[in-house]
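Chain and residue survey
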Amino acid sequence: MHTQRLVKFSPVILDPNTAEGWIHLSDDLTRVKRGDTWQQLPDNPERNTGYTRVFGSEGFSSGKHSWEVEVGDHPGWNIGLAKESVDRKGEIYASPEYGIWCLRHRDGEYTNGTVGKTVSVNKSLQRIRVQLDYDRGEVSFYDCEDKSHIYTHRDTFSEKLFPYLAVGKAAYAKTSEIKICQPEISV
């Protein structure tokens, strides 16, 4: 007897109304880079002004969700989830304490967003799966190449969570933008 598994994919689309002024989005709203020019954008309530970050257009308040992010050799980024009420105007640290559950990369070092909490990885990550299990209170990160587990945040969520990306300058990296990808799923 052959059993089929149904895999539902919900693409993450970035919300231009949340993008900080240095953030430049692609026309299809799936790629982001830190631009060289500041964009004068309306200071609407959902706009991030404290850091170069952007949120997904759709939030989650139950269930299991996952998406993949291609980071290549980009030297500085954060990927994960942010609670709806996160401070978008102040300069807060990207950590669970402030309502951001992420994997952070700066010049070859990976951390879980908590100050000083390094995450050990065997090799430089190129493509990462972000997985939210809202009801179990888990945000997990996996290396898409070998499917290995990188890190899991465990918490209790009480409000809507939005996909979250922060991006620094690409400097001399070949990868200048971070890209949200459709997962490669074998059924």
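Everything in this summary refers to the structure shown in the same document. (Residues numbered from 1 in each chain as written. Predicted model: local features only at pLDDT ≥ 70, side-chain atom pairs only at ≥ 80, totals over all residues. Heavy atoms only, no water.)

Core analysis: the largest hydrophobic core is formed by 31 residues, its most contacted members being Ile79, Leu103, Ile128 and Leu165. Elements represented by at least two residues in this core include exactly β4 (64-70), β5 (76-83), β6 (100-106), β8 (127-133), β9 (138-143), β11 (161-167) and β12 (178-181). Residues contacting leucine 103, with those up to four places away along its chain left out, are Trp77, Asn78, Ile79, Thr111, Val119, Leu125, Ile128, Phe141 and Ile150. Core analysis: the second largest hydrophobic core is formed by ten residues, Ala82, Ala94, Ile100 and Cys102 among them. (Core = buried A, V, L, I, M, F, W, Y, C linked by side-chain atoms within 4.5 Å. Buried < 20%, exposed > 50% of the residue type's maximum accessible area, 1.4 Å probe, protein only. Helix = DSSP H or I, 4+ residues; strand = E, 2+ residues; numbered from the N terminus. Contact = heavy atoms within 4.5 Å.)

Of note, histidine 105 is situated in strand β6. Of note is the side chain of histidine 105, whose polar atom sits 3.4 Å from the backbone oxygen of histidine 74. Here proline 75 takes part through its backbone oxygen, which lies 3.3 Å from a polar atom of the side chain of histidine 105. (Polar contact = N/O pair within 3.5 Å; in protein donor to acceptor, adjacent residues only side chain to side chain.)

Spatially, the five strands line up as an open sheet ordered β3-β11-β5-β6-β7, and their pairing is antiparallel. Taken across any chain shown, the strands that pair with only one partner, and hence form the sheet edges, are β3 (53-55) and β7 (109-111). Averaged over all adjacent pairs, the angle separating strand axes in this sheet is 15°, with direction ignored. Note that β3 and β11 share three bridges and pair antiparallel. What sits directly across from valine 54, in β11, is leucine 165. (Pairing = 2+ DSSP bridges. Axes fitted to C-alpha atoms, helices over the stretch in contact; angles between N-to-C directions.)

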